Every structure is written in structure tokens, then in C-alpha cells.
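# Close look at the chain arrangement
This is what each chain is made of:
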Amino acid sequence: QDTRPLPPEMKLGYLTESPKRDDKVIRTDEEWKKLLTAEQYRILRNHGTETPFCSPLVDVKERGSFHCVGCDLELFKTDAKFNSGTGWPSFFQPAEKEAIWLRADYSYGMIRSEVLCSRCDGHLGHLFGDGPEPTKLRFCINGEVLVFKKREA
């Protein structure tokens, strides 16, 4: 049994294991590699991180939503986006609480909450407790694994 402490964000009422969904997306590694670019695969399937300040989605301010590149699930809306100054698209809440799930991440000697897509279990980024009101949360998400869909006024 793992006795390491849980990241505090793991106790906020978000799902903490992969949910059973009727629309769950399960693919082989070969199928993922055909669907995604090499960089998207590295991040979404192998828990990678993009270089900060490289994603054009950092500066998106138009009304719309951000979807998972692996399964098209709506994950975040621009209404919850803010400039964190970290170099990654940041949000104070997901589009729906059930859109994501969290897993404890102890890599690199840190204690973090990994954020994953609830439909395809793809790695999106990490959750930190240093965001703005009203939630004080910062979902720090790799722009490479998001698809922005502009919403018409």
C-alpha cells in the first residue's frame, strides 16, 4: 500500500480514478500514433509536458471551448481561462466536473495532481491550488493536447 501523502487537490471532490463511461475511448498504441502527432502522443499518452510559452492557445481570449485532441470531449471553456504567467493555458475550473479526473503524481520528486481526460484517460496537465477566485485552482494544461472551438456569439 502506498503511504505517500496525497496532493491536497485530490481531496476537492473530483474523480480520482478513471470513470466508467458509455462513451469511453480505448485505442491501441498503434491507433493513437496514427491519430496524433508525435508531440501530442508524447504528452497525451506518455505524460509529457510541452515547452512553456509555445502553445498558441496560451493567448486565446475568444469565446469558445477547449476539447481533448484524443477524443473531442469538451474539457474547458474560455470563461474559466486566465493568464497564469506560467506559459501554459490555465483554467480555474473544467467545463464539467466529470470531464476530468485526477491521479496523484510523484514524478520528479514532487507531489502533484495529474489531470486526465475522463473519456480517453489522456494526460492533460496538472492541478495546483494557486489559482484565482472563485475556486483558487489552476488547471495547468498542455495546449498541444487541446483543440479550441470558437463559439459564435
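In this report, the structure presented in the accompanying data block is examined. (Residues numbered from 1 in each chain as written. Predicted model: local features only at pLDDT ≥ 70, side-chain atom pairs only at ≥ 80, totals over all residues. Heavy atoms only, no water.)

## Some thoughts on the sheet that holds strand S6 (residues 112-117)
Taken together, the 6 strands give an open sheet; going across it, the order is S3-S4-S8-S7-S6-S5, and neighbouring strands pair in antiparallel fashion. At either end of the open sheet lies a strand with only one pairing partner, and these are strand S3 (81-82) and strand S5 (100-105). (Pairing = 2+ DSSP bridges. Helix = DSSP H or I, 4+ residues; strand = E, 2+ residues; numbered from the N terminus.)

## Some points on the pairing of strand S8 (residues 138-141)
Of the two faces of S8, the one holding Arg138 and Cys140 and the one holding Phe139 and Ile141 are both buried throughout. Bridging between strand S4 (residues 90-91) and S8 involves 2 bridges; their strand directions are antiparallel. Bridge assignment links Phe91 to a residue of S8, and that residue is Phe139. As paired elements, strand S7 (residues 123-128) and S8 share 4 bridges and run antiparallel to each other. Residue Leu127 lies in a different strand from S8, and its bridge partner there is Phe139. (Buried < 20%, exposed > 50% of the residue type's maximum accessible area, 1.4 Å probe, protein only.)

## Observations concerning the environment of Trp101
By secondary structure assignment, the location of Trp101 is in strand S5. Residue Trp101 is classed as buried on the basis of its relative accessible area, which comes to 6%. A C-alpha to C-alpha distance of 13 Å links Trp101 and Lys24, two positions 77 residues apart in sequence. Residues in contact with Trp101, not counting those within four places in the same chain, are Leu15, Thr16, Glu17, Ser18, Pro19, Glu114, Val115, Leu116, Cys117, Ser118 and Asp121. (Contact = heavy atoms within 4.5 Å.)

## Digging into the pairing of strand S2 (residues 74-77)
Pairing of strand S1 (residues 64-68) with S2 involves 3 bridges; the strand directions are antiparallel. Within S2, the position partnered with Phe66 by the bridge is Phe76. The turn linking S1 back onto S2 is made up of 5 residues, and Asp72 within it adopts a positive phi angle of 70°.

## A short note on the nonpolar core
Counting residues in hydrophobic clusters, the biggest one holds 31 residues, and the most contacted among them are Leu75, Ile100, Leu124 and Phe139. If you tally residues by element for this core, the top one is helix H2 (residues 38-44), at 3 residues. The residues contacting Leu75, other than those within four sequence positions of it, are Phe66, His67, Cys68, Pro94, Ala95, Ala99, Ile100, Cys117, Leu124 and Leu146. (Core = buried A, V, L, I, M, F, W, Y, C linked by side-chain atoms within 4.5 Å.)

## Observations concerning the packing of aromatic side chains
Here the structure, examined in full by the defined rule, presents 5 aromatic pairs. Geometrically, the ring pair formed by Tyr14 and Phe139 is edge-to-face, given 5.8 Å between the ring centres and 75° between the ring planes. Here Phe139 lies in strand S8 and Tyr14 lies in the segment before helix H1 (29-35), a separation of 125 residues in the sequence. Taking the relative accessible area as the measure of exposure, Tyr14 reaches 11% and is therefore buried. Note on Phe139: relative accessible area 0%, which makes it buried. Ring geometry for Phe66 versus Phe148: centroids 4.9 Å apart, planes at 50°, classification tilted. Remark: Phe148 occurs in strand S9 (residues 146-150) and Phe66 occurs in strand S1; sequence separation between them is 82 residues. Taking relative accessible area as the criterion, Phe66 reaches 0% and is therefore assigned buried. One aromatic cluster is present, built from ring pairs that chain together Tyr14, Phe66, Phe76, Phe91, Phe139 and Phe148. It is Arg27 that lies over the ring of Trp32; its NZ or CZ is 4.8 Å from the centre. (Phe/Tyr/Trp six-rings, centres within 6.5 Å; stacked < 30°, edge-to-face > 60°. Lys NZ or Arg CZ within 6 Å of the ring centre and 35° of its normal.)

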